[in-house]
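What the coordinates show
So you can see what is in the structure, the chains are spelled out below.
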Amino acid sequence: PLGNPDPAPYNLGLAVLVIIVIFLQACFSAFQDWSTAKTMDSILDMLPHDAMALRDGSFTKVTTSDLVAGDIVRINIGDKVPADMRLMSTSSDVRFDRSALTGESEEVDGLLECTDDNFLESQNIALMGTIVTNGNATGIIVFTGAKTVMGGIAIATSNVKQSPTAIQKEITRFVYIICGLTAILASIILLTWAGWLRTDHYAFMNVIDMLDDVM
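In every chain, residue numbers begin from 1 and rise along the written sequence. Confidence filtering applies because this is a predicted model: local features only for residues at pLDDT of at least 70, side-chain atom pairs given and counted only at 80 or more, and all residues used for totals across whole chains, interfaces and linings. Processing note: side-chain calculations cover all non-hydrogen atoms of the structure and skip hydrogens and water entirely.

Moving on to the nonpolar core. In a soluble, globular protein the nonpolar side chains are often hidden away together inside. Residues grouped as a nonpolar core are buried Ala, Val, Leu, Ile, Met, Phe, Trp, Tyr and Cys residues, joined through side-chain atoms within 4.5 Å. Whether a residue is buried, partly exposed or exposed follows from its accessible area with a 1.4 Å probe, protein chains only, as a fraction of its type maximum: under 20%, in between, or over 50%, in that order. Judged by nonpolar contacts, the single largest core of 16 residues is most densely connected at Leu67, Val73, Ile75, Val81, Met85 and Phe96. The set of elements that each furnish at least two residues to this core consists of β1 (50-55), β3 (72-76), β4 (84-90) and β9 (136-143). In what follows, a contact means two residues having at least one pair of non-hydrogen atoms within 4.5 Å. Ignoring any residue separated from it by four or fewer positions in sequence, one finds Leu67 in contact with Ala51, Ala53, Arg55, Val62, Val73, Pro82, Ile141 and Thr144. The next biggest cluster of nonpolar side chains, apart from the first, holds six residues, and it includes Leu101, Leu127, Met128 and Val149. Helix and strand assignments follow DSSP, with helices taken as H or I runs no shorter than four residues and strands as E runs no shorter than two, numbered in order from the N terminus.

This part covers the pairing of β4. Sheet analysis places β4 next to β9, joined by six bridges and oriented antiparallel. Its bridge partner lying in β9, Ser89 is registered against Thr138. Here, strands pair whenever DSSP counts at least two bridges between them. Sheet analysis places β4 next to strand β7 (residues 125-126), joined by two bridges and oriented antiparallel. Its bridge partner lying in β7, Arg86 is registered against Ile125.

Spatially, the three strands line up as an open sheet ordered β6-β5-β8, and their pairing is antiparallel. Here the strands that pair on one side only, and so sit at the sheet edges, are β6 (108-109) and β8 (131-134). Pairing of strand β5 (residues 95-97) with β8 involves three bridges; the strand directions are antiparallel. Considered in β8, the bridge of Arg95 is made with Asn134.

With antiparallel pairing, the six strands of this open sheet are ordered in space as β2-β1-β3-β9-β4-β7. The strands lining the two open edges of the sheet, one partner per strand, are β2 (58-63) and β7. By the bridge criterion, five bridges tie β3 to β9 in an arrangement that is antiparallel. Across the sheet, residue Val73 finds its bridge partner in β9, namely Gly139.

Here the focus is the packing of aromatic side chains. By convention, a stacked pair of Phe, Tyr or Trp rings (six-membered ring in the case of Trp) has centres within 6.5 Å and planes under 30 degrees apart, an edge-to-face pair has planes over 60 apart, and any other such pair is tilted. Taken as a whole, this structure holds two aromatic pairs when the rule is applied. Considering the side-chain rings of Phe119 and Phe143, the 5.7 Å spacing of their centres and the 70° angle between planes classify their relative orientation as edge-to-face. Of this pair, Phe119 sits in the loop between β6 and β7 while Phe143 sits in strand β9, and the two are 24 residues apart along the sequence. Judged by relative accessible area, Phe119 falls into the partly exposed class, the value being 28%. Phe143 gets classed as partly exposed once you look at its relative accessible area, which sits at 33%. Ring-over charges, as used throughout, are those where CZ of Arg or NZ of Lys falls within 6 Å of the ring centre and within 35 degrees of the ring normal. For the cation-ring pair, Arg74 lies above Phe59, with the distance from its terminal atom to the ring centre recorded as 4.5 Å.

Here's what the structure looks like:
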């Protein structure tokens with residue numbers, strides 16, 4: 001549309017270049033959103049969707065959102081613990097993988113006796129999100145949701161203010177400099193054309209050339 005009388009090849013090339021840049025930026029933003037969603041999904045996958053809870057005298061599968069403190073829950077090998085629970089009865093070989101919470105590489109045996117004053121360390125506590133790697137157990141729920149150890153970690157990490165890294169600060173500073181120089185240069189071109197070239201040397205830079213240069 002800026003060509004006279006026909007569209008100029010230069011303008012067409014510039015338009016194609018701008019479209020490519022916009023497309024690449026859109027792809028990059030979409031990839032960031034996708035990776036963020038994958039991260040959130042991986043966190044949600046750490047939590048079980050249902051559990052075997054005692055209802056009307058028998059163990060019934062219920063959704064974890066329906067569990068409350070005081071519920072009796074049975075867990076078996078391969079299950080994810082649906083909430084923080086104190087073990088009431090266990091098989092002799094029950095073990096838990098707590099690596100998702102504590103980073104411990106070794107499995108932890110489940111016991112009925114309290115082994116530590118620290119709630120996180122005591123072996124008679126099954127923590128939400130950990131995996132039963134062997135045996136089975138029955139326990140009573142003591143904490144659910146945000147009151148669990150995992151919930152506390154999630155709240156603590158979400159409340160941490162992310163400070164920019166050194167490279168992020170340098171990139172931001174670079175972007176500010178480039179944007180400032182770009183605005184100054186575009187203003188110089190526009191003001192020079194409007195105040196001088198437009199009246200004294202119109203043939204040197206017409207409106208179309210001025211818009212191209214500013215762009």
